[in-house]
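# Fold and geometry: a report
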Amino acid sequence: MLDRVRMSETEDHDGILPLVGAGISVRRNGRNLLDNVSLTFDGPAITALLGSNGAGKTMLLRVLANLVEPDTGTVQWGGRSPDAARAPRLGFVFQKPVMLRRSVLANMKYVLAAVGHDRASRTDRAWKALRWASLDRLASTPARLLSGGEQQRLAIARVMATEPEIMFLDEPSSGLDLASTALIEMLMRGAASRGTKVVVVTHDIAQARRLADDVIFLHQGQVLEHGPADSFFDAPKSKQARDYLAGRIPDSPTL
Amino acid sequence: MQDFGAAFGEAFRLVAAFDPDLFEIIALSLRVSLLAVFIAAAVGLPLGATLAVARFPGRGGAVVFFNALMGLPPVVVGLVVYLLFSRAGPLGALGLLYTVTAMIIAQAVLVTPIIAALTRQLIEDMKPEYEEQLRVLGAGPFAMVMTLLWDARYSLLTAVLAGFGRAIAEVGAVIIVGGNINHVTRVMTTAIALETSKGDLALALALGIILVAIALVVNGLVMGLRDTAKRMGYA
């Protein structure tokens, strides 16, 4: 069966933390999407990645996840270049969750098979992760018939079932109601408390305040601030961050 | 008009009477075309999916090549297979000319590019949605091909169906390599061609009606399956 297709070997147990980006630049059509970005992710805390639309947040995650090759600069996973064998150590929850055309349970099992778990442990882990995300009673539902919030929860559960060291989430609660958002925040906290480093892109500043231990603020492809959440929200150092937090149009003439 | 009336009468009489000759012809038609489509799908599905996923020099040329082969005239396929299997041909020693096997091979050759080209298009359309998700799982090209084939399974039914339609309806290839031998290699299309040339329009039309009915039933079944799959979010 196709479920048995193994995508990668997991005998390489080398970690991918610290995850380091050094001097990363990405240019597209003459624009600097990322401009000399350097940062390090380590430890199990929750990091919020903030910045206005087009600041380069999603591109940064994709470069760090080895999905996009930077024009200059390097990414290092645990001191070495990224490789496919260690790719499952990094979980990625995309803005629009990719639901396989299968049942909820089959979605879980597929990912577990992909990272090399045998049949018996797949079933066990799949159910555990579904219960964790309160999706167990939907196990036999086709994944694409789930609501937006349920799909995001499945995407998170699917990632967490593989026990990654670090999880990227790209606006996981955009367009969701308050209850669904609360559930997703609960899962993110749960992931962090299980020892997974969580990096979340969000436009919801209240959410970032609730969740984040530290904050990275991107502006026009550059990291302007990187520090503890409290000091960022209480006393942002850059004018751009103050504008962003206040919802002001940057550099606009005073009306 | 008289011919049509007679033809319908004849068709129903033959079917109702379980005319053994008629059913022999229908059974052989189905056997040849289904087997040919099975072989063509076994080759064309992975081939098309690989063409959609892989990036290699000359890929554009390969895509154009298979798209062009979709319009391959059956008589040309028949001719090539004939030359291969004729006594003086490179595979002449196998003695396959004027056998059912040769007919299956000819139809498989005809249908494989159709299934491959349609599969390539379907998988290529689906790939952007899946690509990054599969890559963060560390998926290699093989896993990507298998996953996309499985998740496109209901859409791919249409590609296979197009191949079956082509196979069951073609006459040029099977008549050249099969020879339309009564009780041996006679299928519906070759029988229609023969009866028409003999002037037995009623039998020819009767076979034609049955051929169209088979096509309708098969299409209806596949469409029903796809609708169900769509409702479940699987297509």
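As shown above, the structure is provided for reference.
Computed from a predicted structure; not experimentally measured. (Residues numbered from 1 in each chain as written. Chains lettered and ligands numbered in written order. Predicted model: local features only at pLDDT ≥ 70, side-chain atom pairs only at ≥ 80, totals over all residues. Heavy atoms only, no water.)

### Thoughts on the overall build of chain A
Using the following cut-off: The secondary structure listing takes helices from DSSP runs of H or I that are at least 4 residues long and strands from runs of E that are at least 2 residues long, numbered from the N terminus. The globule rule is 2.2 Å times the number of residues to the power 0.38, and the radius of gyration it is compared with is taken over C-alpha atoms. Burial status follows relative accessibility: with a 1.4 Å probe on protein chains alone, a residue under 20% of its type maximum counts as buried, one over 50% as exposed, and anything between as partly exposed. It only takes one pair of heavy atoms within 4.5 Å for two residues to be counted as in contact.
When its secondary structure is counted, chain A shows eight helices and nine strands. For chain A, the C-alpha radius of gyration of 19 Å lies close to 18 Å, the compact-globule estimate for 255 residues. Principal-axis analysis of the C-alpha atoms gives chain A an extent of 60 × 40 × 35 Å. Counting over 255 residues, chain A shows a buried share of 53%. For chain A, the share of sequence-separated contacts (at least 6 apart) that also reach a separation of at least 24 residues comes to 68%.

### Side note on the packing of aromatic side chains
Residue and element names in this part refer to chain A. We apply this condition: For Phe, Tyr and Trp, where Trp contributes only its six-membered ring, two rings pair if their centres lie within 6.5 Å, and the inter-plane angle classes them as stacked under 30 degrees, edge-to-face over 60, or tilted in between.
Inspection of the entire model under this criterion finds eight aromatic pairs over all chains. With a centroid separation of 5.8 Å and an interplanar angle of 80 degrees, the aromatic rings of Phe92 and Phe168 are classed as edge-to-face. Of the two residues, Phe92 sits in strand E5 (residues 90–93) while Phe168 sits in strand E6 (residues 166–170), which places them 76 residues apart along the sequence. On the accessibility criterion, Phe92 (2% relative accessible area) is buried. Accessibility expressed as a relative area gives 0% for Phe168, which makes it buried.

### Quick notes on the pattern of salt bridges
Residues and elements named next belong to chain B. Let me state the cut-off plainly: We define a salt bridge as a contact between a side-chain nitrogen of Lys or Arg and a carboxyl oxygen of Asp or Glu at a distance within 4 Å.
One pass over the structure, following the stated rule, counts 16 salt bridges over all chains. Here Lys127 makes a salt bridge to Glu131, at a shortest N to O gap of 3.9 Å. Of this pair, Lys127 and Glu131 both sit in helix H5 (residues 100–136), separated by four residues, roughly a single helical turn. With relative accessibility at 8%, the residue Lys127 sits in the buried group.

### Comments concerning the sheet that holds strand E9 (residues 222–228) of chain A
Strand pairing in a sheet is mediated by backbone hydrogen bonds. Such pairs are either parallel or antiparallel. Residue and element names in this part refer to chain A. Rule in force here: The criterion for strand pairing is that DSSP finds at least two bridges linking the strands in question. For every element, the axis is a line fit to its C-alpha atoms; helices are fit only across the contacting stretch, and the angle between N-to-C directions ranges from 0 to 180 degrees.
With mixed pairing, the six strands of this open sheet are ordered in space as E5-E6-E7-E3-E8-E9. Two strands in the sheet have a free side with no partner beyond their single neighbour: E5 and E9. Pairs of neighbouring strands in the sheet enclose a mean axial angle of 15 degrees, with direction left out of account.

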